[in-house]
Amino acid sequence: GSQGALTLSPDGRRLYAVNAGSDTLSVFRVSGARLHRLQVVRSGGDLPISVTVGAGRVYVLNAGTRPSVVGFRVTGAGITRIGGAWRHLTAADKDPAEVALHPSGNVLVVTNKTSSTIDTLRVGKRGALARAVSHPSVGGTPFGFAFARSGALVVSDASIPPSSGATSYSVSGSGALTATSAAIEN
C-alpha cells in the first residue's frame with residue numbers, strides 16, 4: 001500500500017531503494033543495466049515505504065508506529081544524515097503512502113490514506129525540515145501523486161465513490177496547499 005519504494009536520481013546514476021523489513025535504505029550506482037551497491041543505511045525510523053531524491057538530497061518516509069520523514073545529503077560515496085531533517089508527521093495523520101520533493105526543492109509532500117490528509121514540510125536551504133502541516137484532501141484516500149511541469153500537485157485518490165479518481169492542488173513556497181480541482185472520478 002505505498003508508492004515510490006524505488007527512485008532513480010535525476011541524472012540516472014543512482015538508484016535508491018527502501019527496505020521495509022530491515023528499516024534501511026540502499027544506495028546503488030547504476031552502470032548501464034548493472035547495479036552496484038554503494039551503501040545501506042538505517043532509514044531513521046521504522047517501516048520505510050517511500051523515497052524521493054532531488055537537489056542533492058534524499059528523503060525517506062517511515063510508516064511505522066510513529067510515521068516520520070528523514071533527510072540525507074548525497075555524497076560521492078553514498079549519503080549522510082542531514083542535521084535537523086527528521087520530523088514526525090502530525091498525530092492526526094494515519095497510514096502514509098508516498099513522499100516526494102516539490103520541483104522547487106522547497107517543500108516535501110506526503111499523502112496519508114486512512115486520514116485522507118496531505119502533509120507539507122518546508123525544506124530549508126541545507127535540507128532541514130520544518131514541522132509537518134496537515135491539510136484535508138479534497139478526494140478520499142489520497143495515494144500516489146506527481147508534480148506537473150507547472151509545479152501543480154496531482155493526486156490519485158483511491159476512494160472517490162463509486163470508484164477512484166484524481167484531485168489537484170497548488171503548493172506555495174511556504175508549503176500552503178490549495179485545491180485547484182474538485183475530486184474527478186476516473
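So, here is what we can say about the structure in this document. A quick note: this is a predicted structure, and the numbers were derived from the prediction, not measured.

Each value, and the rule that gives it
Residues numbered from 1 in each chain as written. Predicted model: local features only at pLDDT ≥ 70, side-chain atom pairs only at ≥ 80, totals over all residues. Heavy atoms only, no water. Helix = DSSP H or I, 4+ residues; strand = E, 2+ residues; numbered from the N terminus. Rg over C-alpha atoms; globule rule 2.2 N^0.38 Å. Buried < 20%, exposed > 50% of the residue type's maximum accessible area, 1.4 Å probe, protein only. Pairing = 2+ DSSP bridges. Axes fitted to C-alpha atoms, helices over the stretch in contact; angles between N-to-C directions. Phe/Tyr/Trp six-rings, centres within 6.5 Å; stacked < 30°, edge-to-face > 60°. Core = buried A, V, L, I, M, F, W, Y, C linked by side-chain atoms within 4.5 Å.

### A word on the overall build of the protein chain
Each helix and strand counted, the protein chain has 0 helices and 17 strands in total. By the compact-globule yardstick of 16 Å for 186 residues, the protein chain fits well, its C-alpha radius of gyration being 16 Å. Along the three orthogonal principal directions, the C-alpha set of the protein chain runs to about 45 × 35 × 35 Å. Of all 186 residues assigned to the protein chain, the portion counted as buried reaches 47%.

### As for the sheet that holds strand S1 (residues 6-8)
Adjacent strands of a sheet form backbone hydrogen bonds with each other and so pair up, either parallel or antiparallel. Spatially, the 4 strands line up as an open sheet ordered S1-S2-S3-S4, and their pairing is antiparallel. Across the chains shown, the open sheet's two edge strands, defined by having one partner strand only, are S1 and strand S4 (34-42). Ignoring strand direction, the axes of neighbouring strands in this sheet form an average angle of 20°. As paired strands, S1 and strand S2 (residues 14-19) are joined by 3 bridges and run antiparallel to one another. Among the inter-strand pairings, Thr7 is bridged to a residue of S2, identified as Tyr16.

### Focus on the packing of aromatic side chains
Within this structure, the stated rule accounts for 1 aromatic pair. On the basis of an interplanar angle of 85° and a centroid distance of 5.9 Å, the ring pair of Phe145 and Phe147 is categorised as edge-to-face.

### What about the sheet that holds strand S7 (residues 68-74)?
Pairing is antiparallel across the open sheet formed by 4 strands, whose spatial order is S5-S6-S7-S8. Among the strands making up the open sheet, the edge pair consists of strand S5 (48-54) and strand S8 (79-88). Recorded for the sheet is a direction-independent mean angle of 20° between the axes of neighbouring strands. Strand direction decides the pairing type here: S5 and strand S6 (residues 57-62), joined by 6 bridges, are antiparallel. Its bridge partner being in S6, Pro48 is matched across the sheet by Asn62.

### As for the nonpolar core
Residues Tyr59, Leu61, Val69, Leu108, Val110 and Leu129 are the most contacted members of the largest nonpolar core, which totals 16 residues. Elements that contribute at least two residues to this core include exactly S6, S8, strand S9 (96-101) and strand S10 (107-112). In terms of nonpolar packing, the next biggest core, distinct from the first, is built from 12 residues, Tyr16, Val27, Val41 and Val60 among them.

### Brief notes about unusual backbone geometry
A positive phi angle, close to 55°, is found at Ala55, a residue other than glycine. Inspection of the secondary structure assignment puts Ala55 in the loop between S5 and S6. For Asp95, which is not a glycine, the phi torsion comes out positive at approximately 65°. Within the secondary structure, Asp95 sits in the loop between S8 and S9.

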